[in-house]
Amino acid sequence: MPGKFVLIGSGLAGGLLAAYLGRRGYEVELYERRVDPREGNIVGGRSINLALSTRGIYALERIGIADEVLRHAIPMPGRMIHSKSGDLHFSPYDRDPSKFINSIGRAALNTTVIEAAQRYSNVRVHFNHRCTEVDIEQALAHLATSSVEAAVPPAPLPKTISAHGDAVIGVDGAFSAVRQSMQKRITGFAYNESYLAHGYKELTIPPASDGSWQMQKNALHIWPRKSFMMIALPNPDGSFTCTLFWEFEGPRSFATTTTDDEIRRFFEEEFPDAVPLMPSLLEDFKTNPTGSLVTVRCAPWFFKDKVALVGDAAHAVVPFYGQGMNAAFEDCVVLDECLAEFPQDRHRAFAEYFSRRKENADALADLAIENFIEMRDKTASRIFRAKKKLDHLLEGLLPGSYLPLYTMVTFTRMPYAKAARRAQLQDRIVYGVLLLAVALILVFFVVALT
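Cut-offs and rules
Residues numbered from 1 in each chain as written. Predicted model: local features only at pLDDT ≥ 70, side-chain atom pairs only at ≥ 80, totals over all residues. Heavy atoms only, no water. Salt bridge = Lys/Arg side-chain N within 4 Å of Asp/Glu carboxyl O. Helix = DSSP H or I, 4+ residues; strand = E, 2+ residues; numbered from the N terminus. Buried < 20%, exposed > 50% of the residue type's maximum accessible area, 1.4 Å probe, protein only. Core = buried A, V, L, I, M, F, W, Y, C linked by side-chain atoms within 4.5 Å. Patch = residues over 30% accessible without salt bridge, like charges linked within 9 Å, V, L, I, M, F, W, Y side chains within 5 Å. Areas by Shrake-Rupley, 256 points an atom, 1.4 Å probe, with all protein chains shown as cover. Phe/Tyr/Trp six-rings, centres within 6.5 Å; stacked < 30°, edge-to-face > 60°. Lys NZ or Arg CZ within 6 Å of the ring centre and 35° of its normal. Expected span 1.5 Å × (residues − 1). Axes fitted to C-alpha atoms, helices over the stretch in contact; angles between N-to-C directions. Parallel < 35°, antiparallel > 145°, perpendicular 65-115°, else oblique. Left-handed = near helix turned anticlockwise from the far one by under 90°. Contact = heavy atoms within 4.5 Å. Nonpolar A, V, L, I, M, F, W, Y, C, P; charged D, E, K, R; others polar. Pairing = 2+ DSSP bridges.

## What to know about the pattern of salt bridges
- Per the counting criterion, the structure on display carries 27 salt bridges.
- In this structure, D336 engages R62 in a salt bridge whose closest nitrogen and oxygen atoms are separated by 3.6 Å. Of this pair, D336 sits in helix α9 (residues 324–341) while R62 sits in helix α2 (residues 54–63), placing them 274 residues apart in sequence.
- Judged by relative accessible area, which is 2%, D336 ranks as buried.
- Its salt-bridge partner being E359, residue R421 comes within 2.9 Å of it at the nearest N-O pair. Here R421 is found in helix α13 (residues 416–449), whereas its partner E359 is found in helix α10 (residues 346–378), with 62 residues between them in sequence.
- Through salt bridges with shared partners, one network takes in R23, R24, R62, D336 and E337.

Next up, the structure:
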């Protein structure tokens, strides 16, 4: 029987989940601490462009907005590797050239999912409402309200309101207020957060004077430099959003590179082909914030039939597999399916959702960290490229029986944990066969020489 959900957080997953719940007939009150993204008051410097792939597209298709979203996307069928010498190497993601990930800006996608939710008259969205605490027994959220004008001194004290529903869903990101309330009140609540030693800073490559892209448009560009890297994703306006992933501390790091000369020298040494394309490099580097990269694991993701967590609030991951948003969208699909399966038992629906997603979220967290090492250390390696070619060869020779890990994660809806286990088994078999082949060759030469 439909009831009322209070959703905290109208980011990407929050907007999409509101649309799913609204379609199912629930009354939905969606609260967001930030201003309406459609008003254009977006804080710059923290975007890390999104890579929309199969799981996310499926979730958007289910709610009928995939085509609308993909109109703003740029296909990227592979990585363009930039060496320090300026040489370029294109590495396709899949042997099938029709398979690609999609570069899309966060603001455009956020706007689309919010508007999709608001098409349902039973969904209401409230901006400038920051959740301060949740009474998890009562499904009651306490919120501090503000306005854009309140940011101008002298700012009045924020007003507080309470929002009550049959259940509260926390879709409020890695530093979730809903999850913090659960931590305080659930005995034995397991929580772990871990940070990389690296941070990130957003930079920009603007369009050429004629509005065109200054690098290959249809590629995810990577400058791998062993312990750090820079990436760039294309935007529809001809620009690229670049992100430098670099150590916070150390002899060469964000902490030690602060003056104009130090910044310029670092980029000219490490990314010489990019520097001429970045006229606002110094301003961007000094002005844009340095973000942190956190992995969050917790359990359980629900409390009785009163509270549940979705997306980064439950399982924040680092961005190096391009799956954070896709996984959060997949959460929305699974939670919607569980609510449909158990319409009279929301507690069981929440428990089933947690059971189906927890193992896969943990597997993705591990895969994302491993892929950081791959992107920054291995993509420039000839041995790594040879392994990728072998993967694609085996996929062609053994259709359906052999799938590269990247393909399983990015271009199928196979559960993340199953994909990781299958990739490990495939690697053991392949390496075993290669070792056997080498052994047989050595035996052949020994016999031939005796």
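## Quick word on the nonpolar core
- One finds L7 and L16 to be the most contacted residues of the largest nonpolar core, which totals 75 residues.
- No other element matches the 9 residues that α9 contributes to this core.
- I101, F320, M375 and A423 belong to the second-largest nonpolar core, a separate cluster that totals 37 residues.

## Focus on a nonpolar patch on the surface
- On the surface, I441, F444, F445 and L449 cluster together to form a nonpolar patch covering roughly 490 Å² of accessible area.
- For L449, the position within the fold is in helix α13.

## Side note on the packing of aromatic side chains
- Using the criterion set out here, one finds 22 aromatic pairs in the structure.
- Directly above the ring of Y416 sits R55, whose terminal nitrogen or CZ lies 4.0 Å from the centroid.
- One residue, R413, lies across the ring of Y58, its end atom 3.7 Å from the ring centre.

## Overview of α9
- If you check α9, its first and last C-alpha atoms are 26 Å apart, about what 18 residues at 1.5 Å a residue would give, namely 26 Å.
- Buried residues dominate α9, accounting for 14 of its 18 residues.

## Focus on the packing of α2 against α9
- Where α2 contacts α9, the two axes come as close as 8 Å, and the packing angle between them is 45°. As far as their axial angle goes, α9 and α2 are oblique. Of the two elements, α2 crosses α9, and the hand of that crossing is left-handed. Along its contact with α2, which presents R55, G56, Y58, A59, L60 and R62, the element α9 presents N326, F329, E330, V333, D336 and E337.
- Per-class residue counts for the contact of α2 with α9 are 5 nonpolar, 2 polar and 5 charged.

## Focus on the pairing of strand β7 (residues 101–104)
- Neither face of β7 is exposed, since I101 and S103 on one face and N102 and I104 on the opposite face are all buried.
- One ladder, built from 3 bridges, connects strand β3 (residues 50–52) with β7; its direction is antiparallel. Counted as the bridge partner of A51 is S103 from β7.
- Across 3 bridges, the pairing between strand β4 (residues 74–76) and β7 is antiparallel. Among the inter-strand pairings, M76 is bridged to a residue of β7, identified as I101.

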